[in-house]
Amino acid sequence: MKFRSQRVAYWFFASALALLVLQIVYGFIMGFARVGLDGLHEWIPFNTARAVHTNLLVVWLLCGFMGSAYFIIPEEANRELAWPRLAYVQLISLLVVGVIAVGCYHFNIWEGRKFLEIPRPLDWLVVANVLLFIGNIGMTLWRGRQHTTTSMVLFMGLLFAALLYLPGMISVKNQTVDSFYRWWVVHLWVEGVWELIMGGILCYLLIKLTGVDREVVEKWLYLIVGLTFLSGILGTGHHYYYIGAPRYWLWVGGVFSALEPLAFLGMAMAALATARKGGRKHPNRIALTWSLGCAIMAFVGAGFLGMAHTLPQVNLYTHGTLVTAMHGHLAFWGAYAMIVLAMMAYSLPLMTGRRLWDTPMATWAFWTSNIGMVGMTGALAVAGITQVALERRLGLDFLVVQKEIEMHFVGLLLAAALFSTGIVMFIITFFRHGLPSDEALTPGVSGEPDEPLVAGL
Ligand code: HEM
Ligand code: HEM
Ligand SMILES: [Fe+2]
């Protein structure tokens, strides 16, 4: 680690993990409710748990992205963060808004809009918070006068993510129009600007971990950004098929969203090619494992499983079923959760000065969580396909079908237990690193590749 202010990332990461744990707790509440164990129903009904589960997901990922940016941007700009203390204030205010929102959901104070349930007045606090964040890293870049492709793509991704939050705040009574704009946020985030954030972080990690020239890795990044914009923007149409929007969206959405997996394929190929080419072996192998794992799982979860239901002929039957939940889990996990965890695995030894890479527990954490998540995806796939067949093809009643597929949620719970074990191991490894220390600023201590200290480099 080069700059003292980079360590603010530690607190963003620790907070992100705390919120992830809470997200998982609400996942289990829903999972148990699905098999009839719904003892908490009075206080936390399924719809409340669902909103809390998905909103916490978004908040912990944003927290992880912000932490990653606070670590990466000073280094790429080659200077301390512009306002380090403001970053701590921003973290605390983000957590306060998050906690208030989650509290509101338990008292039925929310907007009935999936993923954007946060009450409107709180939206303004989110805007203020994000402005502080963008201001801080923007000023760091500006003063740094050193602009790498990686840092610019990361910054643009974060800036556009902030701007795209605004259409979600437009108040509309007509449900079709409301839904139309809701997707500008939800879709253009995960299939647009968040991909830039992911691409930027992945690029940074590959440069650091493989030692391949920046120019080579960044060339890939340009290609991925191009593919993302080409396919992702009009790909929004895959949410406009049957909501009351004009019919031409069937064609536009179908064709362009079918191209979207290319961007994810590009990322997976770039990551694998770079890793193969990398001559230098960085000692932090587990961070590389998470980075490659992320690129591959993002392709499977977002690209492959997205493709599975993106054509209008298929989506006619699968829309809003557990097929969507199947894809939602693996896509969010592969693309965004894993990139944040990769960044944590990479930066922790550098912030704390403790080289805890490649411990057996770190390796187990990777495999257990990933196998668990694949298992969860499988359980949801079986449940989803059965639901489509019984409810949408044979026309059975919704609740009758939900009863039929109850058994598959036992499978989901078992896989989720495995997944959670992996996450617990990741968290133990995280805290074993101890706190960020000044010692880590001493050249050589943290074992960065340009510090050939570690044996076998
Ligand atoms: C990392 C990227 C992605 C993430 C995190 C993601 C996540 C999600 C989530 C959470 C939903 C449910 C949204 C809601 O109902 O409010 C969804 C829906 C959908 N996604 Fe993705 N997705 C990603 C990429 C893709 C890609 C690349 C495709 C197509 C190739 C795709 C196709 C779809 C379709 C068609 C739906 C609508 C499902 C329905 O009608 O119920 N997704 N996605
Ligand atoms: C480990 C424990 C977890 C369990 C038991 C669990 C369970 C569930 C359940 C039961 C639902 C509701 C599905 C329905 O509508 O019936 C859900 C929704 C969702 N979960 Fe999880 N989940 C867990 C972890 C995660 C993680 C780690 C992620 C992301 C990385 C995630 C992402 C999502 C998303 C995006 C949705 C909304 C899907 C949609 O829009 O259809 N979950 N989860
Ligand atoms: Fe989409």
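Provided above is the structure to which this section pertains.
Quick summary incoming for the structure in this document. Sequence order sets the numbering: in each chain, residues are counted from 1 along the sequence as written. Whichever chain is written first becomes A and whichever ligand is written first becomes 1, with later ones labelled in order. In keeping with the predicted nature of the model, local features appear solely for residues at pLDDT of at least 70, side-chain atom pairs appear and are counted solely at 80 or more, and the whole-chain, interface and lining totals rest on all residues. The side-chain numbers reported here are obtained from all heavy atoms of the structure, hydrogens and water having been left aside.

Another point: the overall build of the chain. Where helices and strands are cited, they refer to DSSP runs of H or I of at least four residues and of E of at least two residues respectively, numbered from the N terminus. Counting its regular elements, the chain contains 15 helices and zero strands. Here the C-alpha radius of gyration of the chain, 22 Å, is about what a compact globule of 457 residues would show, namely 23 Å. Dimensions of the chain, computed from C-alpha atoms along their principal axes, come out at roughly 65 × 45 × 40 Å. The burial tally for the chain puts 58% of its 457 residues in the buried class. Residue contacts are defined here by distance: any two heavy atoms, one from each residue, within 4.5 Å place the two residues in contact. For the chain, contacts bridging at least 24 residues in sequence account for 83% of all contacts bridging at least 6. Roughly 19400 Å² of accessible area belongs to the chain as shown, and the carbon and sulfur atoms make up 70% of that amount. Put simply, the chain has 29 plus and 25 minus side-chain charges, and the middle of one group is 4 Å from the middle of the other. Throughout, radius of gyration means the C-alpha value; the globule benchmark is 2.2 Å times the number of residues raised to the power 0.38. Relative accessible area decides the class of each residue, using a 1.4 Å probe on protein chains only: under 20% of the type maximum gives buried, over 50% gives exposed, and in between gives partly exposed. The protein chains shown are the only cover counted for residues, whose accessible areas, like all others here, come from Shrake-Rupley with a 1.4 Å probe. Only four residue types enter the charge count: Lys and Arg as positive, Asp and Glu as negative, with His and the chain ends excluded. Charge placement uses NZ in Lys and CZ in Arg. For Asp and Glu, CG and CD serve respectively.

On to empty space enclosed by the protein, then. The method works on a 1 Å grid over the protein atoms by themselves. A cavity is a set of points holding a 1.4 Å probe that cannot get out, a pocket is an open set with protein on both sides within 12 Å along at least five of seven lines, and residues with an atom within 4 Å of a point line them. Grid points are joined across faces, edges and corners, and a volume is the space filled by probe spheres set on the points. In the structure shown here, the tally under the stated rule is four cavities of 30 Å³ or more. Taken as a whole, the largest cavity spans an internal volume of roughly 120 Å³. Contributing to the lining of the largest cavity are 14 residues, with Ile286, Ala345, Ala362, Thr429 and His433 lying nearest its centre. Contributions of two or more residues to the lining of the largest cavity are made by helix H10 (285-307), helix H12 (322-352) and helix H15 (406-432). Ranked by residue count, the leading element in the lining of the largest cavity is H12, at four residues.

Looking at the secondary structure, you find methionine 326 in helix H12. Methionine 326 sits in the buried class, given a relative accessible area of 7%. C-alpha of methionine 326 to C-alpha of threonine 377: the two residues are 51 residues apart in sequence and 5.1 Å apart in space. When neighbours within four sequence positions are excluded, methionine 326 is seen to be in contact with Leu305, Thr377, Leu380 and Ala381.

Let's shift gears to H15. Take the number of residues in a helix, subtract one, and multiply by 1.5 Å to get its expected span. When the terminal C-alpha atoms of H15 are compared, their 39 Å separation across 27 residues agrees well with the 39 Å that a helix rising 1.5 Å per residue should span. Among the residues trailing H15, glycine 434 stands out with phi positive, at a value near 75 degrees.

Neighbouring ligand 1 are 26 residues; Lys114, His319, Gly320, Thr324 and His327 lie closest to it. In the environment of ligand 1, an oxygen atom lies 3.0 Å from a nitrogen or oxygen atom belonging to the side chain of asparagine 315. Under this definition, polar contacts are N or O atom pairs within 3.5 Å; protein pairs additionally need one hydrogen-donor-capable and one acceptor-capable atom, and for neighbouring residues in sequence, both atoms have to be side-chain atoms. In this structure, an oxygen atom belonging to ligand 1 sits 2.6 Å away from a side-chain N or O atom of histidine 319. Broken down by secondary-structure element, the contributors of at least two residues to the shell around ligand 1 are helix H6 (175-210), helix H9 (261-277), H10 and H12. Looking at which element gives the most residues to the shell around ligand 1, the answer is H12, with six residues. Residue composition of the shell around ligand 1, by class: eleven nonpolar, eleven polar and four charged. Proximity criterion: a residue is near a molecule or strand once any of its heavy atoms comes within 4 Å of it. Asp, Glu, Lys and Arg are counted as charged, while Ala, Val, Leu, Ile, Met, Phe, Trp, Tyr, Cys and Pro are counted as nonpolar; the rest, among them Gly, fall into the polar class.

Our next topic: a nonpolar patch on the surface. A cluster of nonpolar side chains, contributed by Leu230, Trp251, Val255, Leu259, Leu262, Leu265 and Met269, occupies part of the molecular surface with about 670 Å² of accessible area. When residues of the nonpolar patch are traced back to their parent elements, those giving at least two are helix H8 (248-259) and H9. Considering the arrangement of structural elements, one finds methionine 269 in helix H9. Patches draw on residues past 30% relative accessible area with no salt bridge. Two like charges within 9 Å are joined, as are two nonpolar side chains (Val, Leu, Ile, Met, Phe, Trp, Tyr) within 5 Å. Salt bridges are defined as contacts in which a side-chain nitrogen from Lys or Arg sits within 4 Å of a carboxyl oxygen from Asp or Glu.

Before going further, it helps to spend a moment on the packing of aromatic side chains. Each aromatic ring pair is specified by the distance between its two centres and by the angle formed by the two planes. To pair, rings of Phe, Tyr and Trp, with the six-membered ring standing in for Trp, must have centres within 6.5 Å; the planes then decide the type, stacked if under 30 degrees apart, edge-to-face if over 60, and tilted in the middle. Enumeration according to the criterion identifies 30 aromatic pairs in this entry. Geometrically, the ring pair formed by tryptophan 290 and phenylalanine 366 is edge-to-face, given 4.9 Å between the ring centres and 85 degrees between the ring planes. Highlighted residues: tryptophan 290 in helix H10 and phenylalanine 366 in helix H13 (residues 360-393), separated in sequence by 76 residues. A relative accessible area of 1% places tryptophan 290 in the buried class. Classification of phenylalanine 366 as buried rests on a relative accessible area of 5%. Two thresholds decide whether a charge sits over a ring: the Lys NZ or Arg CZ must be within 6 Å of the ring centre and within 35 degrees of the ring normal. Over the ring of tryptophan 183 we find arginine 182, and its NZ or CZ is 4.4 Å from the ring centre. Arginine 393 extends its terminal NZ or CZ atom over the ring of tyrosine 317, reaching a point 4.8 Å from the ring centre.

Quick look at the site of ligand 2 now. The local shell around ligand 2 holds 24 residues, among which Arg34, Arg50, His53, Lys114 and His329 are the closest. Here lysine 114 contributes a side-chain N or O atom positioned 3.0 Å from an oxygen atom of ligand 2. One of the side-chain nitrogen or oxygen atoms of histidine 329 is found 2.7 Å away from a nitrogen atom of ligand 2. Of all elements in the fold, only helix H1 (8-34), helix H2 (46-77), H12, H13 and H15 reach the threshold of two or more residues within the shell around ligand 2.

Relative to the helices and strands, valine 102 resides in helix H3 (residues 84-106). What makes valine 102 buried here is its relative accessible area of 14%. Taking C-alpha positions, valine 102 is 9.1 Å from threonine 48, a pair spaced 54 residues apart along the chain. In contact with valine 102, not counting residues within four places along its chain, are Val52 and Leu56.

Moving on: the coordination of the iron ion (ligand 3). Within the protein, the iron ion (ligand 3) binds to His187 (ND1), Glu191 (OE), His238 (NE2) and His239 (NE2); these donor distances fall in the range 2.1 to 2.2 Å. Coordinating donors are taken to be N, O and S atoms lying within 2.8 Å of the metal, or within 3.2 Å when the metal is Na, K or Ca; because water is excluded from the atom set, some sites may appear incomplete. In short, tetrahedral needs four donors with all angles between 85 and 135 degrees, square planar needs four and octahedral six donors with opposite donors over 155 degrees apart and all other angles between 65 and 115, and whatever is left is irregular. Coordination at the iron ion (ligand 3) is irregular, judged from the four donor atoms that bind it and the angles of 85 to 146 degrees they form at the metal. Written as a sequence motif, the donor arrangement for the iron ion (ligand 3) is H-x3-E-x46-H-H. Between the two metal centres, the iron ion (ligand 3) and the iron atom of ligand 1, the spacing is 4.5 Å. With histidine 187 and glutamate 191 both in helix H6 and four residues apart, this pair spans about one turn of that helix. With relative accessibility at 14%, the residue glutamate 191 sits in the buried group.

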